[in-house]
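Structural features, examined
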Amino acid sequence: MTMAEEKKDDDEAALFARRKGAIQTTWVAVGDSLGIEATRLFYERLFDQHPEVKPMFSDPDDMEEQAAKLLKTISVAVESLSDIATLVPILQDLGKKHAEEWNVQRNHYDAVGECLIWTLKTGLGDSWTEDVADAWSWVYGVIAKTMGDAGQEVLDSKSLNKTVEIEEQATDMSSLATAVEKTADYSTLPSIRSLIRSGVTSRDEIKLRPESSALLVIDIQKELSTVDINSPHIEYAKIAFPRMIENTSKLLAAMRTNRSRLEPKQIGNEVIFTYIEALTDDSRDVSLDYKLSGAFLANLPGPSNPAQFVQGVEPIPGKDIRMPKTSCSVFMSTNIDYVLRNLNVEQLIICGQLTDQCVESACRDAADRGYLVTVAKDACAAQCTKDHLKGMKGMKGFSRQLTTDEILKELTT
């Protein structure tokens, strides 16, 4: 070994020692100042900044046990920095488990790393220096790569197995597709409800059948879509509301494209807009709940001052169905159930606002009436992230919850 190589090794050893010392010292400080509260703070930040990871946890509203596990895991990793050979297989096993059980992918480690660094910086305060930041960024990078590489092996294996399974089913699916193409009238297909086996079939098994589906757009109207710049949740609103509009537009386009291929009077791919609008100009006919909910809900748009729709998310007269409502749930103050049954609709795709109020009410009422509900989770919005997540959790047992892209894939396959 040359002197230059020896010096490089010595420099790397010294850097490792400094980083290890910084990590172990600051982790003790975090434990002394925050303890398990540090991991609670971490999960709050993670769910606020990356709500898409929340479904990976069995009970995201009760993270006491999970916080304790995370605290223990980090403590073990910090203590094991002196014995990397022991630490690596532990991290690899964790990476494989996370990929196998929760489908954790590389980008999820980026989100976790961002929130972990934020938590440490918050907990350490003035003790968070450039050297400390460098040390924690380095060690988390090693952890994320080790777990990510091990997890990717599992994900690649699962993908390969899925490909083989699809290939084995290709002949049967081809036959089914041919049969469907030869069916000129979709009304001759069996009812989706008739294919459900009680206690055996799960919601996730039942994909969207466009000819049995309707898109329900809830309360996306100008009166309810003004963003208050003084709101404490302005940053959420600036992201969530434009996203809701954009994704709802995509869903509308897909449903309308499918409908354009149907014969006159043929049912399927229905689009329904529901929105708050009273039957009288003085709103005397609105629900008691609305009359008790402040000046706006007690004075809705009416016949002389009708509701105004948002550009890009507007009903097409004579083609889309419009249903003004005067209560939180569209099933309470309209004849939507009667109309859906006349149209042989069995599956309802729901989007709009507010996630934890009118959207959740419609979802629950639809499920109780026998409709198979799919909620477009990124085409819904609430007043803040917390309210949106609360609404999604409230609908979990009544619906499938998919992204817009996932729904579009089912509608166009």
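Anyway, here's the lowdown on the structure attached to this text. (Residues numbered from 1 in each chain as written. Predicted model: local features only at pLDDT ≥ 70, side-chain atom pairs only at ≥ 80, totals over all residues. Heavy atoms only, no water.)

**Notes on empty space enclosed by the protein**
Short version of the rule: Grid spacing is 1 Å over the protein atoms alone, the probe is 1.4 Å, and a cavity is where that probe fits but cannot get out, while a pocket is an open set with protein on both sides within 12 Å along at least five of seven lines and lining residues have an atom within 4 Å of a point. Grid points are joined across faces, edges and corners, and a volume is the space filled by probe spheres set on the points. Each helix is a run of H or I in the DSSP string that is no shorter than four residues. Each strand is a run of E no shorter than two, and both are numbered from the N terminus.
Under the defined criterion, the tally for this structure stands at one cavity of 30 Å³ or more. Reported here for the largest cavity is a volume of approximately 40 Å³. Lining the largest cavity we find Trp 27, Ala 38, Thr 39, Phe 42, Ile 74, Leu 116, Thr 119 and Leu 120. If you list the elements that add at least two residues to the lining of the largest cavity, you get α2 (37–49) and α5 (106–124).

**A short note on the pattern of salt bridges**
Note the following rule: One speaks of a salt bridge when a side-chain nitrogen belonging to Lys or Arg is within 4 Å of a carboxyl oxygen belonging to Asp or Glu. Burial classification: accessible surface area is computed with a 1.4 Å probe over protein chains only, and a residue below 20% of its type maximum counts as buried, one above 50% as exposed, and the rest as partly exposed.
If you walk through the whole model with that rule in mind, you get 14 salt bridges. Its salt-bridge partner being Glu 211, residue Arg 209 comes within 3.6 Å of it at the nearest N-O pair. For the residue pair Arg 209 and Glu 211, the accessibility class agrees, reading buried in each case. Here Asp 356 and Lys 390 are joined by a salt bridge, their closest N and O atoms 3.9 Å apart. One end of the pair, Asp 356, is in helix α11 (residues 355–368); the other, Lys 390, is in helix α12 (residues 385–395), with 34 residues separating them in the sequence. Residue Asp 356 is classed as buried on the basis of its relative accessible area of 14%.

**Considering the nonpolar core**
What counts here: Think of a nonpolar core as a cluster: buried Ala, Val, Leu, Ile, Met, Phe, Trp, Tyr and Cys residues, connected wherever their side-chain atoms sit within 4.5 Å. The contact rule is simple, with two residues in contact once any of their heavy atoms fall within 4.5 Å.
Formed by 35 residues in total, the largest nonpolar core has its most connected members in Leu 46 and Trp 136. Residue assignment for this core shows that the elements contributing at least two residues are α1 (3–33), α2, α3 (64–79), α4 (84–102), α5 and α6 (130–181). With nine residues, α6 is the largest single contributor of residues to this core. Look past the residues within four positions of Leu 46 in its chain and what remains in contact with it is Pro 51, Val 53, Ala 111, Val 112 and Cys 115. Grouped together as the second largest cluster of nonpolar side chains are 31 residues, Leu 208, Ile 245, Phe 309 and Ile 407 included.

**What to know about the packing of α2 against α5**
The criterion, for reference: Here an angle of 0 to 180 degrees is reported between the N-to-C directions of two axes, which are lines fitted to C-alpha atoms, with helices fitted over the stretch in contact. In these notes the angle categories are as follows: under 35 degrees is roughly parallel, over 145 is roughly antiparallel, 65 to 115 is roughly perpendicular, and the rest is oblique. By definition, any crossing whose near helix is turned counterclockwise from its far helix by less than a right angle is left-handed, and any crossing with a clockwise turn is right-handed. Amino acids are sorted into nonpolar (Ala, Val, Leu, Ile, Met, Phe, Trp, Tyr, Cys and Pro), charged (Asp, Glu, Lys and Arg) and polar (every other residue, Gly among them).
Two elements in contact, α2 and α5, have axes separated by 9 Å at closest approach and are oriented at 135 degrees. With respect to α5, the element α2 is oriented oblique. In this structure, the crossing between α2 and α5 has a hand that is right-handed. Between α2 and α5, the contacting residues are Ala 38, Leu 41, Phe 42, Arg 45 and Leu 46 on the first element and Ala 111, Val 112, Cys 115, Leu 116, Trp 118, Thr 119 and Thr 122 on the second. Of the residues belonging to the contact of α2 with α5, the class tally is nine nonpolar, two polar and one charged.

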